[in-house]
Amino acid sequence: MMQRIESMLTLTILAGLAAGPVHAADACDALTARVIRDTGASLAGRAGPYAVFRAEDAERMSLDCRAPARITVASRDREPPRAYFILVGRAARALAGADAAAAEVLTLNLHQASLLAQAPRRGSSGPALMLCETGSRTDALRDDLTVCRVAPRTKLARTRRAG
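Thresholds applied
Residues numbered from 1 in each chain as written. Predicted model: local features only at pLDDT ≥ 70, side-chain atom pairs only at ≥ 80, totals over all residues. Heavy atoms only, no water. Helix = DSSP H or I, 4+ residues; strand = E, 2+ residues; numbered from the N terminus. Buried < 20%, exposed > 50% of the residue type's maximum accessible area, 1.4 Å probe, protein only. Contact = heavy atoms within 4.5 Å. Disulfide = S-S within 2.5 Å. Core = buried A, V, L, I, M, F, W, Y, C linked by side-chain atoms within 4.5 Å. Salt bridge = Lys/Arg side-chain N within 4 Å of Asp/Glu carboxyl O. pLDDT = per-residue confidence, 0-100.

Draft legend 1. Structural context of the environment of threonine 134. The topology assignment puts threonine 134 in strand β6 (residues 128-134). On the basis of relative accessibility, which here comes to 16%, the residue threonine 134 falls in the buried class. Separated by 57 residues in the primary sequence, threonine 134 and aspartate 77 place their C-alpha atoms 9.1 Å from one another. Apart from residues lying up to four places away in sequence, threonine 134 is in contact with Arg78, His111, Ser114, Leu115, Leu145 and Thr146.

This is the structure in structure tokens:
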């Protein structure tokens, strides 16, 4: 009887472990579909937790589904056209449920602040965190002069201090 219970427990654990990657893939599929629907981009390719999109208003747009999920939108222009910022706002809506218009305005402000400071700038728009940077790069996005990243805001645990 004990051996049977141990066998059932082992099978249950193995089934749970096997379902983990499947569940993650399903979640990434759903997020990819939402990004396509909300931004109008088309899927260029998908490998594991990564999806790459074709978007008319950006040189590069990619989704990393690993927690916390994030979207990178890149332009070769130091000062991209307005459509780029609209796309980033829509990406913030798809990823985090942010108001697209508010996220667009934040992206414009972060971009301008980054140009002035010559450094990356961060901000948040409702449930979305954003980082925009301008200028030369040395990473895989080295040909892109404007890069904005969007991630969902994680809920911070509230702690109480004694006294």
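There is more to say after this.
Draft legend 2. Region of interest: the state of the cysteines. Counted under the stated rule, the structure contains two disulfides. Note that cysteine 28 is cross-linked by a disulfide to cysteine 65, the S-S spacing being 2.0 Å. The sign of the S-S torsion, about 70°, decides the handedness of the disulfide formed by cysteine 28 and cysteine 65: right-handed. With cysteine 28 in helix α1 (residues 2-39) and cysteine 65 in the loop between β3 (60-64) and β4 (70-75), this residue pair connects regions lying 37 residues apart in the sequence. By the burial criterion, cysteine 28 is buried, and cysteine 65 matches it. Between the sulfur of cysteine 132 and that of cysteine 148 lies a disulfide, 2.2 Å long from S to S. Every disulfide takes its handedness from the sign of the S-S torsion; for cysteine 132 and cysteine 148 that torsion is 120°, giving right-handed. In this pair, cysteine 132 is assigned in strand β6 and cysteine 148 in strand β7 (residues 146-152), connecting sequence segments 16 residues apart. Cysteine 148 matches cysteine 132 in its accessibility class, with the two residues each being buried. Taken in sequence order, the bonded cysteines of the protein link in the pattern 1-2, 3-4.

Draft legend 3. Just the nonpolar core, in detail. Met61, Leu63, Ile71, Val73 and Met130 are the most contacted members of the largest nonpolar core, which has 32 residues in total. Per-element accounting of this core gives the leading share, nine residues, to helix α2 (residues 82-96). Ignoring sequence-local partners within four residues, the contact set of methionine 130 consists of Val88, Ala92, Ala103, Leu106, Thr107, Leu110, Arg121, Arg122, Gly123, Arg149 and Val150.

Draft legend 4. Layout of the pattern of salt bridges. Tallying each qualifying case throughout the model produces eight salt bridges. In this structure, arginine 37 engages aspartate 38 in a salt bridge whose closest nitrogen and oxygen atoms are separated by 3.8 Å. When salt bridges that share partners are traced, they join Arg37, Asp38 and Arg93 into one network.

Draft legend 5. Broad picture of the confidence of the model for the protein. Residues at a pLDDT of 70 or more form 78% of the protein, whose mean pLDDT is 84. The model gives residues 4-21 a pLDDT under 50, and that stretch makes zero contacts with residues more than four places away or in other chains.

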